[in-house]
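# Examining the three-dimensional arrangement
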Amino acid sequence: MAAAGTAPDGDGLCTDPGLDQEVTRWLRWDKNPLTSELVKQLVADNNKEELQKCFGTRMEFGTAGLRAAMGPGISQMNDLTIIQTTQGFCRYLEKQFSDLKQRGVVISFDARAHPASGGNSRRFAQLAATTFITQGVPVYLFSDITPTPFVPYTVSRLKLCAGIMITASHNPKQDNGYKVYWENGAQIISPHDKGISQAIEGNLEPWPQAWDSSCIDNSPLLHDPLASINKDYFEDLKKYCFHRPVNKETHVKFVHTAVHGVGHAFVQSAFRAFDFAPPAPVSEQKDPDPEFPTVKYPNPEEGKGVLTLSFALADKVGAKIVLANDPDADRLAVAEKQDSGEWRVFSGNELGALLGWWLFTSWKAKNQDHSALKDTYMLSSTVSSKILRAIALKEGFHFEETLTGFKWMGNRAKQLMDQGKNVLFAFEEAIGYMCCPFVLDKDGVSAAVISAELASFLATRNLSLSQQLKAIYVEYGYHITKASYFICHDQSIIKKLFENLRNYDGKNNYPKTCGKFKISGIRDLTTGYDDSQPNKKAILPTSKSSQMITFTFANGGVATIRTSGTEPKIKYYSELCAPPGNSDPEQLKKELNELVSAIEEHFFQPQKYNLQPKAE
């Protein structure tokens, strides 16, 4: 057996020469004593299983950057993998931008930390900044935590080449991430992900000053944009305040929770920018805490379980609206107390309908020249509700669908804006909203205060959010949605499940029915198949690295099944759309529930594939 701190030998620890090489290099390069000692101990303990887990596969750099657990090895987030990633990113940017050393990059971070491995977001950000500054690249490094939207905002505002946000958003506490933005202020898309990935592989050995983050302290290349960006962001946000007198006088009370993340101070500032009284903060969740002690998952998309403390405070202070950000404040959940005394947590699609209607209504009131409609757009992702399409058809503006994820909506919004178009709004069902296109990504800070203005304005008409949502569905057609997921950690099982769907009735035959429901159309964005097109080829971009199939049903239902890019989940999204009029929403819900049950039974087959359903 290899001694601790030396390479594992061929007779003892590892029989895989590639694994031996990775462990040896790690022990030579890693200068973080915590992760280094953890690896030495694994070697000393002959722990093949853990070594394989840590060193078997390098984290894949995708279009969302990186996201993984913090810990030792090339498969996890730690000081060394941050250095390696940033070295590759730096070399890639040098090839792409001849003026990189004039313009520079921005880096910020959330409040995540992992004491066992010494990993924390601030430390990762400092190491990333060190990598760039030692190569002569200016770095705008925030001196304190910020919401994720501040990074794309800074890229656009300061005309920088790129941005990095160290965050794992709403993932479990052990995770962290490395999110990358391009010079256009949107998340990177292909081919940049592949180019960066190749550059990382070519720059794995730490550069001479890589570990010395103190060397940048007095560097003229190091800038702190916190004060100026904080001021500029909220000045820009004020332009989206449509009803300042109503806000000043409103009797609607709000509760806000940051869910132990970064959002508290920034949402307070947003309310001041709109002349609102500040929302009551949930004191137990107001300050950043990487342990997320009061919630099972730090994700307000999970619903009422995350909002228990918010409801208690709202009842205490007489508030009817709860606003909840995820830990990096790029997402927003909204809940409203009903006349029955129950709390209603709006789904991402429902809040998307409300915000889309509100932003269009407010824009229309300000723009009497309706000829501008022909240059006005809203966007949503393929797995989100088509309610914006219904509103656009009736009102005369444009609606576009993009692939899943704000990387696609942000890049498309920028293309449209560069063509002189007006992008009013974009959303995805995973509670992500772009209400102000000065940030080309989802932004939970602006969405929170704009939701508050909507609720306050409706209150002057004696309307609740729930009543307005119903009015939208009556006018534009009911759009009933249901989404959930199954947990699966085994990639081979996931692959089997999707291959079964592609070979359901024999080789290369998709299913024609799902229980009693007839299938009228299939689009597979993994293989590029779309039977609605004359040549059977999908128009939207395809990706072999992720699974995604959309089924259209004869009854007007649509269901998409896809894998998650950041979590061990197989997700499904379903919707039944009815034409405007007096449709019966309860009947639609019943029919959708029957359709979803058929999809789970026939397509997911959870018992056969040993899938774990979402915990209620």
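Just so we're clear, the structure is a prediction, and the values are computed from it rather than from any experiment.

## Concerning the overall build of the protein
Scanning the protein for helices and strands turns up 21 helices and 25 strands. The C-alpha radius of gyration of the protein comes to 25 Å, within 12% of the 25 Å expected for a compact globule of 616 residues. Principal-axis analysis of the C-alpha atoms places the extent of the protein at approximately 75 × 60 × 50 Å. Out of the 616 residues belonging to the protein, those deemed buried represent 57%. Considering only intrachain contacts with a sequence separation of at least 6, the fraction spanning at least 24 residues in the protein is 69%. Once the 67 positive and 70 negative side-chain charges of the protein are each reduced to a mean point, those two points are 4 Å apart.

## Observations concerning the pairing of strand β6 (residues 162–166)
Looking down a regular strand, the side chains alternate between one sheet face and the other. In terms of burial, β6 is largely enclosed, as five of its five residues are buried. Taking every second residue as pointing to the same face, both faces of β6 are buried, with Ala 162, Ile 164 and Ile 166 on one and Gly 163 and Met 165 on the other. The pairing of strand β2 (residues 105–109) with β6 spans five bridges and is classified as parallel. Counted as the bridge partner of Val 105 is Ala 162 from β6. Across four bridges, the pairing between β6 and strand β7 (residues 175–181) is antiparallel. In the sheet register, Ile 166 faces β7, and the bridge partner there is Tyr 178.

## So, the sheet that holds β7
Spatially, β1-β7-β6-β2-β5-β8 is the arrangement adopted by the six strands of the open sheet, whose pairing is mixed. Looking along the sheet, the strands with just one partner apiece sit at the ends: β1 (66–69) and β8 (222–223). Contacts from helix α4 (residues 79–96) reach β1, β2, β6 and β7, with the element oriented near 5° to β7. Each of β2, β5 (139–141), β6 and β7 is contacted by helix α7 (residues 150–158), which is oriented at about 160° to β6, the strand it contacts most.

## Focus on the packing of aromatic side chains
Inspection of the entire model under this criterion finds 30 aromatic pairs. Seen in terms of ring centroids, Phe 254 and Phe 276 are 5.9 Å apart; in terms of plane orientation they differ by 75°. Their pairing is edge-to-face. Of this pair, Phe 254 sits in strand β9 (residues 254–257) while Phe 276 sits in the loop between α11 (263–273) and β10 (280–281), and the two are 22 residues apart along the sequence. Overall, the relative accessible area of 6% leaves Phe 254 in the buried class. Between Phe 425 and Phe 427, the aromatic rings sit 5.9 Å apart at their centres with planes inclined by 15°, giving stacked as the arrangement. Each member of the pair, Phe 425 as well as Phe 427, carries the same accessibility label: buried.

## Quick notes on the packing of helix α9 (residues 226–238) against helix α17 (residues 444–460)
Between α9 and α17, whose axes approach to 12 Å, the crossing angle comes to 35°. In the packing of α9 onto α17, the handedness of the crossing is right-handed. Contact with α9, carried on its side by Tyr 233, Phe 234 and Leu 237, involves Val 445, Ser 446 and Val 449 of α17 and no other residues of that element. Residues that form the contact of α9 with α17 fall into these classes: five nonpolar, one polar and no charged.

## Some points on the pattern of salt bridges
Overall, the coordinates contain 37 salt bridges when judged by the stated rule. The shortest N-O distance in the salt bridge between Asp 275 and Lys 248 comes to 3.9 Å. Pair noted here: Asp 275 is in the loop between α11 and β10 and Lys 248 is in helix α10 (residues 244–249), with a separation of 27 residues, a long-range link. Of the residues examined, Asp 275 reaches a relative accessible area of 27% and is grouped as partly exposed. Between Lys 364 and Glu 395 there is a salt bridge whose closest N-O contact spans 3.7 Å.

## Things to note about empty space enclosed by the protein
With the rule as written, the count across this model stands at two cavities of 30 Å³ or more. Here the largest cavity is characterised by a volume of approximately 50 Å³. Lining the largest cavity are Asp 110, Ala 111, Arg 112, His 260, Gly 261, Asp 289, Pro 290, Phe 292 and Pro 327. Across the lining of the largest cavity, the residue classes break down as four nonpolar, two polar and three charged. If you add up the space inside the second largest cavity, you get close to 40 Å³. Secondary-structure elements contributing two or more residues to the lining of the second largest cavity are α1 (17–29) and α4. Grouping the constituent residues of the lining of the second largest cavity by class yields four nonpolar, one polar and three charged.

## Some thoughts on unusual backbone geometry
In this structure, the amide linkage connecting Ser 190 to the following residue, Pro 191, adopts the cis form with an omega of 10°. Within the element layout of this structure, Pro 191 appears in the loop between β7 and α8 (192–201). The backbone of Ala 329 sits at a positive phi, close to 60°, despite the residue not being glycine. If you trace the backbone, Ala 329 turns up in the loop between β11 (321–325) and β12 (332–337).

## Considering the packing of helix α14 (residues 348–366) against α17
Two elements in contact, α14 and α17, have axes separated by 11 Å at closest approach and are oriented at 75°. Classified by the angle their axes make, α14 and α17 are roughly perpendicular. Packed against α14, whose contacting residues are Leu 351, Leu 354, Leu 355, Trp 357, Trp 358 and Leu 359, the element α17 presents Ile 450, Ser 451, Glu 453, Leu 454, Phe 457 and Leu 458 at the interface. Here the contact of α14 with α17 is composed, by residue class, of 10 nonpolar, one polar and one charged.

Rules of the game
Residues numbered from 1 in each chain as written. Predicted model: local features only at pLDDT ≥ 70, side-chain atom pairs only at ≥ 80, totals over all residues. Heavy atoms only, no water. Helix = DSSP H or I, 4+ residues; strand = E, 2+ residues; numbered from the N terminus. Rg over C-alpha atoms; globule rule 2.2 N^0.38 Å. Buried < 20%, exposed > 50% of the residue type's maximum accessible area, 1.4 Å probe, protein only. Contact = heavy atoms within 4.5 Å. Lys, Arg positive; Asp, Glu negative; His and termini not counted. Charge placed at Lys NZ, Arg CZ, Asp CG, Glu CD. Pairing = 2+ DSSP bridges. Axes fitted to C-alpha atoms, helices over the stretch in contact; angles between N-to-C directions. Phe/Tyr/Trp six-rings, centres within 6.5 Å; stacked < 30°, edge-to-face > 60°. Left-handed = near helix turned anticlockwise from the far one by under 90°. Nonpolar A, V, L, I, M, F, W, Y, C, P; charged D, E, K, R; others polar. Salt bridge = Lys/Arg side-chain N within 4 Å of Asp/Glu carboxyl O. 1 Å grid on protein atoms, 1.4 Å probe; cavity = no way out; pocket = protein on both sides within 12 Å on 5 of 7 lines; lining within 4 Å. Points joined across faces, edges and corners; volume = space filled by probe spheres on them. Parallel < 35°, antiparallel > 145°, perpendicular 65-115°, else oblique.

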